[in-house]
Amino acid sequence: MAADEVAPEAVPACTEPGRAGKTGRDARRIEGWSIAWMLLAMAIWGWFAILMLADYGPEAPSYQGSSSLCRGPFVEPSPQERVCRSDELRQWPSLLGILALAAVATVTAAATMVYAKVLARLAHSEESRVKPQD
């Protein structure tokens, strides 16, 4: 080697040009999954809210029109009517199970979103470290 020639710098294996692209693709794929988990979590939370707040049961005529006989568990936690206690999805054990399912979906959505953001930043930093070879 002549004195004016410079030895090519060794590029570490973790900063190969192909690896940054793969990390970026992985980040986009994981971000898609996180969006799917978020939509699922929102649907479960909506289902939980409807079960907790909406009136249900047979219609009972009143002077203001007709309304449902049973109020939602959030409005009336322990219904007096026997008909209202027969709906199993409106009972507290089922509602707590749906709440747990919503919490698991929410935590999974948050974890995948954070992982996607970390991968995107990692891919960006790997792209900035890779020097084009002349």
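What counts as what
- Residues numbered from 1 in each chain as written.
- Predicted model: local features only at pLDDT ≥ 70, side-chain atom pairs only at ≥ 80, totals over all residues.
- Heavy atoms only, no water.
- Helix = DSSP H or I, 4+ residues; strand = E, 2+ residues; numbered from the N terminus.
- Buried < 20%, exposed > 50% of the residue type's maximum accessible area, 1.4 Å probe, protein only.
- Contact = heavy atoms within 4.5 Å.
- Areas by Shrake-Rupley, 256 points an atom, 1.4 Å probe, with all protein chains shown as cover.
- Salt bridge = Lys/Arg side-chain N within 4 Å of Asp/Glu carboxyl O.
- Core = buried A, V, L, I, M, F, W, Y, C linked by side-chain atoms within 4.5 Å.
- Patch = residues over 30% accessible without salt bridge, like charges linked within 9 Å, V, L, I, M, F, W, Y side chains within 5 Å.
- pLDDT = per-residue confidence, 0-100.

J.: So what's going on with the overall build of the protein chain? Which residues, and what values?
T.: Of the regular secondary structure elements, the protein chain holds 2 helices and 2 strands. The N-to-C order of helical and strand elements in the protein chain reads α-β-β-α. Of all 134 residues assigned to the protein chain, the portion counted as buried reaches 24%. Within the protein chain, counting contacts between residues at least 6 apart in sequence, those at least 24 apart form 58% of the total. Approximately 9,700 Å² of the protein chain is accessible, and the part contributed by carbon and sulfur atoms is 64%.

J.: Give me the pattern of salt bridges: which residues, what numbers.
T.: For the coordinates displayed, the defined rule picks out 3 salt bridges. Taken together, the shared-partner salt bridges in this structure form one network comprising Lys-22, Asp-26 and Arg-29.

J.: I'd like to hear about the side chain of Arg-90, residue by residue, with values.
T.: Here Arg-90 is to be found in the loop between β2 (65-70) and α2 (92-129). Assessed through its relative accessible area of 11%, Arg-90 is described here as buried. Apart from residues no more than four positions distant in its own chain, Arg-90 is found in contact with Ile-50, Leu-51, Ala-54, Tyr-56, Pro-73 and Leu-95.

J.: Explain the nonpolar core residue by residue, including any values.
T.: Core analysis: the biggest nonpolar cluster contains 9 residues, these being Ala-41, Ile-44, Phe-48, Leu-51, Met-52, Leu-95, Ile-98, Ala-102 and Ala-105. Mapped onto this core, the elements with two or more residues apiece are α1 (17-53) and α2. With residues near it in sequence (within four places) discarded, Ile-98 still touches Ile-44, Trp-47, Phe-48, Leu-51 and Leu-89.

J.: Before we move on, can you summarise the environment of Cys-70 with the specific residues and values?
T.: Locating Cys-70 in the fold gives a position in strand β2. We classify Cys-70 as buried; its relative accessible area is 1%. Along the chain, Cys-70 and Val-83 lie 13 residues apart, while their C-alpha atoms are 8.0 Å from each other. Those residues within four positions of Cys-70 in sequence are excluded, and the remaining contacts are Asp-55, Tyr-56, Gly-57, Val-83 and Cys-84.

J.: Lay out a nonpolar patch on the surface in plain terms, naming residues and giving numbers.
T.: On the surface, Ile-35, Met-38, Leu-39 and Met-42 cluster together into a nonpolar patch covering about 390 Å² of accessible area. Ile-35 sits in the partly exposed class, given a relative accessible area of 43%.

J.: Any chance you could break down the confidence of the model for the protein chain for me, citing the residues and the numbers?
T.: The predicted model of the protein chain averages 80 in pLDDT, with 77% of residues at 70 or higher. Across the protein chain, α2 holds the top mean pLDDT of 91, while β2 sits lowest at 73.

J.: How would you explain the environment of His-124 if you had to name every residue and give the values?
T.: Mapped onto the fold, His-124 is located in helix α2. For the pair His-124 and Gly-21, spaced 103 residues apart in sequence, the C-alpha separation works out to 9.3 Å.

J.: Explain the side chain of Thr-112 to me, and be specific about the residues and the numbers.
T.: For Thr-112, the position within the fold is in helix α2. Classification of Thr-112 as buried rests on a relative accessible area of 18%.

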